[in-house]
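Take a look at the letters that make up each chain.
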Amino acid sequence: MGSTPSAGGVPLPVPPSPEVLTAEAAAGAGARGRIASVALVIGGIVALQFGASVAVLLFPRAGALGVVTLRLVVAALVLLVACRPRVRGYTRGDWGTVLAFGVALAGMNSLFYQAIDRIPLGAGVTLEFLGPLILSVATSRRLLSLLWAALAFGGVALLGRAGFDGLNLVGAGYALAAGGLWAAYILLSARTGQRFPQADGLALAMTVAAVLSLPLGIVSAGTALLNPVTLGLGAAVALLSSVLPYTLELLALRKLPASGFAVMMSLEPAAAATAGFLVLGQALGWVEVVAIGLVVVASVGAVRRG
């Protein structure tokens, strides 16, 4: 920094130029926006996994497809009322993105619930996470991303190791397919957030997903969907597992790169283990604690380098 002489001969600092002040303000705003986006992702992960714990309690009442239907229908209604999205003024490409996003939402949730109906939750989450993990490597141009992805995969595999013995092949196939749609969800969520204001695109996509899942849920669960207790639990699952996480993630993806977001999703198994311990009484052993540590380190590293 330069200086100018004062009347007494003591040099005074030269004030920064407007260009410097603008650049510094932009850098600070970018850093704050990035931290806020990370907080949104973590909040969505926590809400999603605690919602999954409630869904486990609901399975005996409505079945996997019934729970998915309740979750998506209630979430769509809440988002439509809250967002009141407009339906005019969008291009054919905008509507194509919304339709694809809705299909991904319906398929991802339905396939994953079918998977954990046949295989242990830890194994299901581990296999499903392969989708975002592959996406994180494919979309990142840094060699260091391979290290974070490998570390995350090691932690997720370690967390789910107890569930791989005698794995049902159909259930494993459902989980892998859900992982592919999870990767598609990440990309489509980012694209939807760029094309639609606020959470309007999510509300429209959730409506598409609800319409697609409704016939399957009715055939699977029938009148059980109308039980007051089932409806109440289904509403809780919808808020925790759909409305909150998807809205927070859509907003976060406006600031975070898809590669960093995908590796941050490795926190899902860790959050699931914590929610299982607090809600379902599932104890954590030292292996699970080590696994959680690995995925946390990988997520932090991915965000710092993203």
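These numbers were taken from a predicted model, which means no experiment stands behind them.

What counts and what doesn't
- Residues numbered from 1 in each chain as written.
- Predicted model: local features only at pLDDT ≥ 70, side-chain atom pairs only at ≥ 80, totals over all residues.
- Heavy atoms only, no water.
- Helix = DSSP H or I, 4+ residues; strand = E, 2+ residues; numbered from the N terminus.
- Buried < 20%, exposed > 50% of the residue type's maximum accessible area, 1.4 Å probe, protein only.
- Contact = heavy atoms within 4.5 Å.
- Areas by Shrake-Rupley, 256 points an atom, 1.4 Å probe, with all protein chains shown as cover.
- Axes fitted to C-alpha atoms, helices over the stretch in contact; angles between N-to-C directions.
- Parallel < 35°, antiparallel > 145°, perpendicular 65-115°, else oblique.
- Left-handed = near helix turned anticlockwise from the far one by under 90°.
- Nonpolar A, V, L, I, M, F, W, Y, C, P; charged D, E, K, R; others polar.
- Phe/Tyr/Trp six-rings, centres within 6.5 Å; stacked < 30°, edge-to-face > 60°.
- Lys NZ or Arg CZ within 6 Å of the ring centre and 35° of its normal.
- Core = buried A, V, L, I, M, F, W, Y, C linked by side-chain atoms within 4.5 Å.
- Expected span 1.5 Å × (residues − 1).
- Bend = angle between axes of the 7 residues up to and from the residue.
- Polar contact = N/O pair within 3.5 Å; in protein donor to acceptor, adjacent residues only side chain to side chain.
- pLDDT = per-residue confidence, 0-100.
- Salt bridge = Lys/Arg side-chain N within 4 Å of Asp/Glu carboxyl O.

1. Observations regarding the overall build of the chain
- A tally of regular secondary structure across the chain gives 11 helices and two strands.
- In the chain, the succession of helices and strands from N to C terminus is β-β-α-α-α-α-α-α-α-α-α-α-α.
- Per-residue burial over the chain gives 46% buried out of 306 residues.
- In the chain, the share of contacts with a sequence separation of at least 24, taken over all contacts with a separation of at least 6, comes to 85%.
- For the chain, the exposed area adds up to about 14400 Å²; of that, 69% sits on carbon and sulfur atoms.

2. Quick word on the packing of helix H3 (residues 121-128) against helix H6 (residues 169-195)
- Running from N to C, H3 and H6 cross one another at 40°; their axes reach a closest spacing of 7 Å. Relative to H6, H3 is oriented oblique. In terms of crossing hand, the pair formed by H3 and H6 is right-handed. Residues Gly-124, Leu-127 and Glu-128 of H3 lie in contact with H6, whose contacting residues are Ala-172, Ala-175, Leu-176, Ala-178, Gly-179 and Trp-182.
- When grouped by side-chain class, the residues that make up the contact of H3 with H6 number six nonpolar, two polar and one charged.

3. Focus: the packing of H3 against helix H4 (residues 130-139)
- For the pair H3 and H4, the least separation of the axes is 4 Å and the interaxial angle reads 25°. Comparing their axes, H4 and H3 come out roughly parallel. Each of Thr-126, Leu-127 and Glu-128 in H3 lies in contact with H4, whose residues at this interface are Leu-130, Gly-131 and Pro-132.
- Partitioned by chemical class, the residues of the contact of H3 with H4 number three nonpolar, two polar and one charged.

4. Here's the deal with the packing of aromatic side chains
- Summed over all chains, the structure comprises five aromatic pairs.
- Members of the aromatic cluster, each reached through a chain of ring pairs, are Phe-59, Phe-112 and Tyr-113.
- Looking at Arg-86, its charged tip hangs above the ring of Tyr-90, at a distance of 4.6 Å from the centre.

5. Notes on the nonpolar core
- Counting residues in each nonpolar core, the largest one holds 71 residues, and the members touching the most others are Leu-105, Tyr-113, Leu-202 and Met-206.
- Sorting elements by how many residues they give to this core places helix H1 (residues 18-83) first, with 17 residues.
- Not counting the four nearest positions on each side in its chain, Met-206 is found in contact with Leu-72, Ala-75, Ala-76, Leu-79, Leu-105, Ser-242 and Tyr-246.
- Judged by nonpolar contacts, the second largest core, of five residues, contains Ala-115, Ile-119, Leu-127 and Ala-172.

6. With respect to helix H8 (residues 228-252)
- Counted at 1.5 Å a residue, the expected span for H8 with its 25 residues is 36 Å, and the 35 Å between its end C-alpha atoms agrees.
- Along its length, H8 reaches its greatest deviation from straightness, about 35°, at Leu-239.
- Capping of H8 at its N-terminal end is provided by Asn-227; its side-chain oxygen lies 2.9 Å from the backbone amide nitrogen of Val-229.

7. Notes on the confidence of the model for the chain
- Confidence in the prediction for the chain averages 79 pLDDT; 82% of positions are at 70 or higher.
- Low pLDDT, under 50, characterises residues 1-14; the stretch is placed with 16 contacts to residues that sit more than four places away or in other chains.
- Low pLDDT, under 50, characterises residues 19-29; the stretch is placed with one contact to residues that sit more than four places away or in other chains.

8. Focus: unusual backbone geometry
- Phi is positive for Arg-84, close to 45°, though the residue is something other than glycine.
- With respect to the secondary-structure elements, Arg-84 resides in the loop between H1 and helix H2 (92-116).

9. Here's the deal with helix H10 (residues 267-279)
- The end-to-end C-alpha separation of H10 is 18 Å, in line with the 18 Å expected for 13 residues at 1.5 Å each.
- Those residues of H10 that sit buried are Leu-267, Glu-268, Pro-269, Ala-270, Ala-271, Ala-272, Ala-273, Ala-275 and Gly-276.
- Looking at the residues trailing H10, positive phi occurs at Gly-281, about 75°.

10. Let's talk about the pattern of salt bridges
- Using the criterion set out here, one finds one salt bridge in the structure.
- Arg-195 is the salt-bridge partner of Asp-94, the closest N and O atoms lying 2.6 Å from each other. Highlighted residues: Asp-94 in helix H2 and Arg-195 in helix H6, separated in sequence by 101 residues.
- You can call Arg-195 partly exposed: its relative accessible area is 35%.

11. A few points about the side chain of Gln-114
- Its place among the elements puts Gln-114 in helix H2.
- Reaching out from Gln-114, the side chain makes a polar contact with the side chain of Arg-118 at a distance of 2.7 Å.
- When sequence neighbours within four positions are dropped, the list of residues in contact with Gln-114 reads Ala-64, Leu-65 and Tyr-174.

12. Overview of the side chain of Ser-213
- Assignment of secondary structure puts Ser-213 in helix H7 (residues 200-221).
- Residues contacting Ser-213, with those up to four places away along its chain left out, are Thr-69 and Leu-72.

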